[in-house]
Amino acid sequence: MKKIGFIGVFDKTDLIIYLAKALKTLGKKVLIIDNTVNQKARYVVPAINPTKSYITEFDEIDVSVGFENYEDIKKYIGIPLEKELEYDIILIDVDSAKNYQNFNIQSCDKKYFITS
């Protein structure tokens, strides 16, 4: 599993969704984690039963909103904490130092700083 971090306060949601669609077309199983203050994915990606934190599928791409860390996502999915998430690529959108640490962005395979 590869992890790609997108850092910065500039809106990156559309870019990340387009990238995820391209990766899905290449046969990859993709998870988008929106861990930004505004959580724009909550408003862009439709969800049947949105709650404080949830994962929804959009065009065969899983989109996560409202989780504080990987452990919370694993609990939501129902897999053991020591098991790795079952995705080929995880795209992580953060815009604060706290979320940068919570999702261990420094250990991502790639990191991109997005600005206007």
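Above this text sits the structure in question.
No experiment lies behind these values; they were computed from the predicted model shown.

**Q** For this particular structure, what's the right way to read the pattern of salt bridges?
**A** When charged atoms on two side chains of opposite charge get close, those side chains can pair. Scanning the model with the defined rule gives six salt bridges in all. The closest approach of N and O atoms between Asp 59 and Lys 24, which form a salt bridge, is 3.8 Å. Separated by 35 residues along the polypeptide, Asp 59 in the loop between strand S3 (54–58) and strand S4 (61–65) and Lys 24 in helix H1 (residues 13–25) bring together distant segments of the chain. For Asp 59, a relative accessible area of 39% corresponds to the partly exposed category. Each of Asp 11, Asp 14 and Lys 40 takes part in a single network of salt bridges with overlapping partners.

**Q** Looking at this structure, I do not really get the sheet that holds strand S5 (residues 89–94). What am I missing?
**A** Strands sit in the order S3-S4-S2-S5-S1-S6 across an open sheet of six strands; the sheet is mixed. Two strands lie at the open edges of the sheet, namely S3 and strand S6 (110–113), each paired on one side alone. Ignoring which end each strand starts from, the neighbouring axes of this sheet average 20° apart. Sheet topology note: the strand S2 (residues 30–35)/S4 ladder contains four bridges and is parallel.

**Q** I keep staring at H1 and nothing clicks. Help me out?
**A** Note: α-helices contain 3.6 residues per turn, so residues at a spacing of three or four share the same orientation. In a regular helix each residue adds 1.5 Å, so 13 residues correspond to 18 Å; H1 covers 18 Å between its end C-alpha atoms and thus fits that length. Among all positions of H1, only Thr 13, Ile 16, Ile 17, Ala 20 and Leu 23 are buried. Take H1 and look down its axis: the buried residues cluster within an arc of 125°, on one side only. What points out from H1, more than 90 degrees from its buried face, is the exposed set Tyr 18 and Thr 25.

**Q** Honestly, the nonpolar core in this entry has me stumped. Any pointers?
**A** Soluble, globular proteins show a tendency: their nonpolar side chains are buried together. Of all hydrophobic cores here, the largest spans 17 residues; its most connected members are Phe 6, Ala 20, Val 30, Ile 32, Ile 61, Val 63 and Leu 91. Where this core is concerned, the elements lending two or more residues are strand S1 (2–7), H1, S2, S4 and S5. The element contributing the most residues to this core is H1, with four residues. Ignoring any residue separated from it by four or fewer positions in sequence, one finds Ala 20 in contact with Val 30, Ile 32, Ile 61 and Leu 91.

**Q** Could you clarify how one ought to interpret the pairing of S5 in this entry?
**A** The two faces of a sheet get side chains in turn, since along a regular strand they alternate between them. With six of six residues buried, S5 is to be regarded as a mostly interior element. Alternating positions in S5 separate into two faces, Ile 89, Leu 91 and Asp 93 on one and Ile 90, Ile 92 and Val 94 on the other, with burial throughout. By the bridge criterion, six bridges tie S1 to S5 in an arrangement that is parallel. Its bridge partner lying in S5, Lys 2 is registered against Ile 89. In the sheet, S2 pairs with S5 via six bridges, with the strands oriented parallel. Residue Leu 31 lies in a different strand from S5, and its bridge partner there is Ile 90.

Cut-offs applied
- Residues numbered from 1 in each chain as written.
- Predicted model: local features only at pLDDT ≥ 70, side-chain atom pairs only at ≥ 80, totals over all residues.
- Heavy atoms only, no water.
- Salt bridge = Lys/Arg side-chain N within 4 Å of Asp/Glu carboxyl O.
- Helix = DSSP H or I, 4+ residues; strand = E, 2+ residues; numbered from the N terminus.
- Buried < 20%, exposed > 50% of the residue type's maximum accessible area, 1.4 Å probe, protein only.
- Pairing = 2+ DSSP bridges.
- Axes fitted to C-alpha atoms, helices over the stretch in contact; angles between N-to-C directions.
- Expected span 1.5 Å × (residues − 1).
- Arc of directions from axis to C-beta.
- Core = buried A, V, L, I, M, F, W, Y, C linked by side-chain atoms within 4.5 Å.
- Contact = heavy atoms within 4.5 Å.

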